[in-house]
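Fold and contact review
Residues per chain are reported as follows:
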Amino acid sequence: PKQAGANRVLGRMARFYVNRLPTLSEKYARRALAQEPANLDARLALLNLLENSSDASSADEGLRLLDESASKQLLNAEVVKRYRATFLARRGKPGDLTSAIELFANANTSRDDKLLLARLYEQAGQAAAALDLFQSLARSSNPSPLELVEFLRFWQQHFVATAVGKEPIQFTGQAQDA
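Values in this document were obtained by computation on a predicted structure and should not be read as measured data. (Residues numbered from 1 in each chain as written. Predicted model: local features only at pLDDT ≥ 70, side-chain atom pairs only at ≥ 80, totals over all residues. Heavy atoms only, no water.)

**Some thoughts on the packing of aromatic side chains**
Enumeration according to the criterion identifies six aromatic pairs in this entry. Between Phe 16 and Tyr 17 the ring centres are 5.0 Å apart and the planes differ by 80°, which places this aromatic pair in the edge-to-face class. With a relative accessible area of 42%, Phe 16 lands in the partly exposed category. Here Tyr 83 and Phe 87 contribute two aromatic rings whose centre-to-centre distance is 6.0 Å and whose plane-to-plane angle is 15°, an arrangement assigned as stacked. With a gap of four residues between them, Tyr 83 and Phe 87 both fall in helix α6 (residues 77-91), about one helical turn apart. Clustering of aromatic rings is evident, with ring pairs tying together Phe 134, Phe 154, Trp 155 and Phe 159. Sitting over the ring of Phe 16, Arg 20 keeps its end group 4.0 Å from the ring centre. (Phe/Tyr/Trp six-rings, centres within 6.5 Å; stacked < 30°, edge-to-face > 60°. Buried < 20%, exposed > 50% of the residue type's maximum accessible area, 1.4 Å probe, protein only. Helix = DSSP H or I, 4+ residues; strand = E, 2+ residues; numbered from the N terminus. Lys NZ or Arg CZ within 6 Å of the ring centre and 35° of its normal.)

See the structure below:
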């Protein structure tokens, strides 16, 4: 009983420190998962840390963590889908981006899913599909600041940046022609 309570506290501490002290959070999460693989807080903290890491080995570890039976039992399928898509996109093996995009095929996607899918399309070089999603989010009745920033970043990167060093260009309507 004491061990279970201590493990629960370790998991909660891992979640608490994720954005404050990531190294400490990782230490607590790994320790809690080593003692109890079904510790949801520790599992979510470690997945979050791996998602925010930029190396391919973190993506591989994240995919392995998602494939564990404890993840399948503890985590919501939508959460698993988002993490899997992010890890696949970062890993960069042939077919990973396509697999990540296919996770969202024929699904009722949330706004967060649409934003992730737009980023995946962009990363895959499918600018027209990405633009459609970014525009639909930005033109919705209540776009979030992040959706607007991502749309503007996309537009600037793909339309304004291509005009540098050329004669002055009128950009109005150019994004719709993509």
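Having seen the model, we can carry on.
**A short note on the nonpolar core**
In this structure, Leu 47, Leu 66, Phe 87, Leu 120 and Phe 134 are the most contacted members of the largest nonpolar core, which totals 43 residues. The leading source of residues in this core is helix α3 (residues 40-51), at seven residues. Aside from chain neighbours lying at most four places away, what touches Phe 134 is Leu 115, Ala 118, Arg 119, Glu 122, Glu 150, Phe 151, Arg 153 and Phe 154. (Core = buried A, V, L, I, M, F, W, Y, C linked by side-chain atoms within 4.5 Å. Contact = heavy atoms within 4.5 Å.)

**Observations regarding the packing of α6 against helix α8 (residues 111-123)**
At a minimum axis separation of 11 Å, α6 and α8 run at an interaxial angle of 20°. Overall, the two elements α6 and α8 adopt an arrangement that is roughly parallel. Both α6 and α8 take part in a crossing whose hand is left-handed. Between α6 and α8, the residues in contact are Glu 78, Lys 81, Arg 82, Ala 85, Thr 86 and Ala 89 and Asp 113, Leu 116, Leu 120 and Gln 123, respectively. Grouping the constituent residues of the contact of α6 with α8 by class yields four nonpolar, two polar and four charged. (Axes fitted to C-alpha atoms, helices over the stretch in contact; angles between N-to-C directions. Parallel < 35°, antiparallel > 145°, perpendicular 65-115°, else oblique. Left-handed = near helix turned anticlockwise from the far one by under 90°. Nonpolar A, V, L, I, M, F, W, Y, C, P; charged D, E, K, R; others polar.)

**A few points about the packing of helix α9 (residues 127-138) against helix α10 (residues 145-160)**
The interhelical angle for the contact between α9 and α10, taken along N-to-C directions, is 145°, at an axis separation of 9 Å. In this structure, α9 crosses over α10, and the sense of that crossing is left-handed. Listed contacts from α10 to Ala 127, Ala 130, Leu 131, Phe 134, Gln 135, Leu 137 and Ala 138 of α9 are Glu 147, Leu 148, Glu 150, Phe 151, Arg 153, Phe 154 and Phe 159. Among the residues making up the contact of α9 with α10, the classes are represented as 10 nonpolar, one polar and three charged.

**Description of α6**
The end-to-end C-alpha distance of α6, which contains 15 residues, comes to 21 Å, matching closely the 21 Å that a straight helix rising 1.5 Å per residue would cover. Along α6, the residues classified as buried are Val 80, Lys 81, Tyr 83, Arg 84, Ala 85, Thr 86, Phe 87, Leu 88, Ala 89 and Arg 90. Residues of α6 that are buried make contact with α3, α4 (56-67), α7 (96-102) and α8. The N-cap residue of α6 is Asn 76: its side-chain oxygen and the backbone nitrogen of Glu 78 are 2.6 Å apart. (Expected span 1.5 Å × (residues − 1). Polar contact = N/O pair within 3.5 Å; in protein donor to acceptor, adjacent residues only side chain to side chain.)

**With respect to the layout of surface pockets**
Empty space within the largest pocket amounts to approximately 520 Å³. Top contributing element to the lining of the largest pocket by residue count: α8, with eight residues. (1 Å grid on protein atoms, 1.4 Å probe; cavity = no way out; pocket = protein on both sides within 12 Å on 5 of 7 lines; lining within 4 Å. Points joined across faces, edges and corners; volume = space filled by probe spheres on them.)

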